[in-house]
Amino acid sequence: MQTSTNLGRVVRPGDDAWDAARGTFNLLIDQSPEAIAFPADDREVAAVIAYAREHGLRVAPQATGHNPGPLGSLAGTLILNTSALTGVSIDAGARRVRVGAAAKWEDVTPQLSELGLAALHGSSPDVGIVGYSLGGGIGWLARKHGMQCNAVTAIELVTADGRLVRTDANNEPELFWALRGGGGNFGIVTAIEFSVFPARELYAGAMFFPLERTSDVLRTWSGLLPALPEELTTWATILHFPPLPELPDAVRGQSFVIVMVALLGTEAEGRELLRPLHRLGPAMDTLAMQPPIGLADLAMDPVNPLPYLSTTALIDELSPSAIEDLTRIAGVGSTVTMVQLRHIGGALARHQPGAGARATLPGNIVMFSLSVVPDLSAAPAVEADLDAIAAAVAPNRVGNYPNFVEQPTDASLFFNTETWNRLRRVKSEYDPQDVFRGNHHVPAS
Ligand SMILES: Cc1cc2nc3c(=O)[nH]c(=O)nc-3n(C[C@H](O)[C@H](O)[C@H](O)COP(=O)(O)OP(=O)(O)OC[C@H]3O[C@@H](n4cnc5c(N)ncnc54)[C@H](O)[C@@H]3O)c2cc1C
């Protein structure tokens, strides 16, 4: 390991800290960059960028390593890890939060909850706020309040020429627009500011049904969706809990189809809206009025890194044949660990004034499925099952949500032509030599 007052901490191949530094959330990804820098302030960030340019290297920003898969080979690339760029401040009166690039959702949600506020976080407390926000960010309150990227009010970043720039609606607005959906292709974000929303209590929790009820539950759930208000978000999840000691007895090693619920409303409203699902008789039901912190871990996402493969799609509806196929492919003895179907639409389908490059998302449901790969010999069977899951929803596919795409992909497919060309123009202006590698790459035009 080398430390210089100029670059900050840098870890290189052969250093004792190398394997720990290059590890990510997905244990199947074997990252081999040229080096990993951990700058602790804006100046060190600028020095790392200058060093990379002098040495003909590109720079990949990384925070928690929750989505490194799309980067592919890191030959000729230096990872700039943002974990030393800490700092959190909450202005409850203005309902504004400012965090450094190291911050994860778990660094702000408990305090916000105590203040009667909720952020537009997603399913995992462990995900980085900046990476989540630059890719869009869809969570429990997205149907009501939209994507997190469009709740962002200012972004500070160091650009390819080493300038520290503060962007917002009035300062360098094109860059501000591009960052909100265009990902880490335009510079190293050092701090981000965003709005949060009043929420003292929500009706939230999960209904657990036996796996054998999967098709009944999915049919009932998808039939309800068109009539549900934007205040209500439900996610239907087929989940095979692994036999991990840290899981509660009631779920460890067991399989369920679960409907997870977040309602900005009362228990009486929730019970009325969800009556057809209650009637199916869940085996366990944790729905209750609770403060917003109850959403932080509602999805029971894993916090420890694991080896896995995934697939995803935005779809307009869950057809009867897709329900049949998903029930079979993810049924008893499946290699598939999870199939999650999140109800979207609502505010996600409306272009808000002043929105960023990721202004809307098509479709009414986002499907995300993952399989833990216990050893590499299991990978072909896992891949075949994930392909079958993707094929089951393919007739209703209307696009892809970039934050959920974990393989190298042509990023132009995430945007319409006008937005893509505009992103490339911003890239040409701020990073003409293509120094920065966001995980989904936007090239200069
Ligand atoms: C368990 C889990 C749960 C998730 N839940 C949700 C969810 O509910 N909703 C949702 O929308 N997404 C969700 N995601 C997807 C997540 O939002 C993306 O993986 C996101 O990119 C993670 O950001 P990160 O910084 O944690 O990861 P990293 O892999 O560290 O970063 C991902 C990308 O973000 C960009 N980036 C990160 N930091 C910076 C920076 N400082 N400057 C410039 N660019 C930067 C880069 O392009 C980088 O390649 C989830 C992912 C996982 C693994």
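Look a little higher up for the structure.
Residues numbered from 1 in each chain as written. Predicted model: local features only at pLDDT ≥ 70, side-chain atom pairs only at ≥ 80, totals over all residues. Heavy atoms only, no water.

A.B. asks: Explain the pairing of strand 11 (residues 188-195) to me, please; I cannot follow it from the model alone.
C.D. replies: The side chains of a regular strand alternate, residue by residue, between the two faces of the sheet. Counted residue by residue, strand 11 has 8 buried out of 8 residues, so it is predominantly covered. Looking at chain direction, strand 7 (residues 96-100) and strand 11 are connected through 5 bridges and run antiparallel. What sits directly across from Gly-100, in strand 11, is Ala-191. Looking at chain direction, strand 9 (residues 152-158) and strand 11 are connected through 6 bridges and run antiparallel. Opposite Ile-155, over in strand 11, you have Ile-192 as the bridge partner. (Buried < 20%, exposed > 50% of the residue type's maximum accessible area, 1.4 Å probe, protein only. Helix = DSSP H or I, 4+ residues; strand = E, 2+ residues; numbered from the N terminus. Pairing = 2+ DSSP bridges.)

A.B. asks: Sorry, what's going on with helix 11 (residues 379-393) here?
C.D. replies: Every α-helical turn comprises 3.6 residues, leaving residues that sit three or four positions apart pointing alike. With 15 residues, helix 11 extends 22 Å between its outermost C-alpha atoms, agreeing within 8% with the 21 Å of an ideal straight helix rising 1.5 Å per residue. Looking at helix 11, one finds that the buried residues are Ala-379, Val-382, Leu-386, Ile-389, Ala-390, Ala-392 and Val-393. Each buried residue of helix 11 lies within a common arc of 160° when the element is viewed along its axis, so the set occupies one face. For helix 11, the exposed residues set more than 90 degrees away from the buried face come down to Pro-380 and Asp-387. The inward-facing, buried residues of helix 11 abut strand 18 (308-315), helix 10 (320-329), strand 19 (338-343), strand 20 (365-372) and strand 21 (397-399). (Expected span 1.5 Å × (residues − 1). Arc of directions from axis to C-beta. Contact = heavy atoms within 4.5 Å.)

A.B. asks: Hey, could you run me through the sheet that holds strand 9 in this one?
C.D. replies: With respect to topology, 5 strands assemble into an open sheet ordered 6-7-11-9-10, the strand pairing being antiparallel. At either end of the open sheet lies a strand with only one pairing partner, and these are strand 6 (88-91) and strand 10 (164-168). Direction aside, the axes of adjacent strands within the sheet are offset by 10° on average. (Axes fitted to C-alpha atoms, helices over the stretch in contact; angles between N-to-C directions.)

A.B. asks: Even after reading the chapter, I still don't get the environment of Leu-326, so can you show me in this structure?
C.D. replies: Examined against the element boundaries, Leu-326 turns out to sit in helix 10. Along the sequence, Leu-326 and Ser-113 sit 213 residues apart, while their C-alpha atoms lie 36 Å from each other. Ignoring anything within four residues of it in the chain, the contact list for Leu-326 reads Ile-238, Leu-318, Gly-331, Val-339, Leu-341, Ile-389, Ala-392 and Val-393.

A.B. asks: Is there a simple way to explain helix 7 (residues 214-224) in this structure?
C.D. replies: Burial in helix 7 covers these residues: Thr-214, Val-217, Leu-218, Trp-221, Ser-222 and Leu-224. One face of helix 7 carries all of its buried residues, which in axial projection span an arc of 155°.

A.B. asks: In this structure, what is going on with the site of the ligand? I would like to understand it.
C.D. replies: In the vicinity of the ligand lie 34 residues, with Ala-63, Thr-64, Ser-123, Ile-138 and Tyr-401 positioned nearest. One of the backbone N or O atoms of Ala-63 is found 2.7 Å from an oxygen atom in the ligand. Within the contact set of the ligand, an oxygen atom lies 2.4 Å away from a side-chain nitrogen or oxygen of Thr-64. For the ligand, whose accessible area on its own is 950 Å², the fraction buried by protein is 96%. Contributions of two or more residues to the shell around the ligand are made by strand 4 (58-62), helix 4 (129-135) and strand 11. (Near = heavy atom within 4 Å. Polar contact = N/O pair within 3.5 Å; in protein donor to acceptor, adjacent residues only side chain to side chain. Areas by Shrake-Rupley, 256 points an atom, 1.4 Å probe, with all protein chains shown as cover.)

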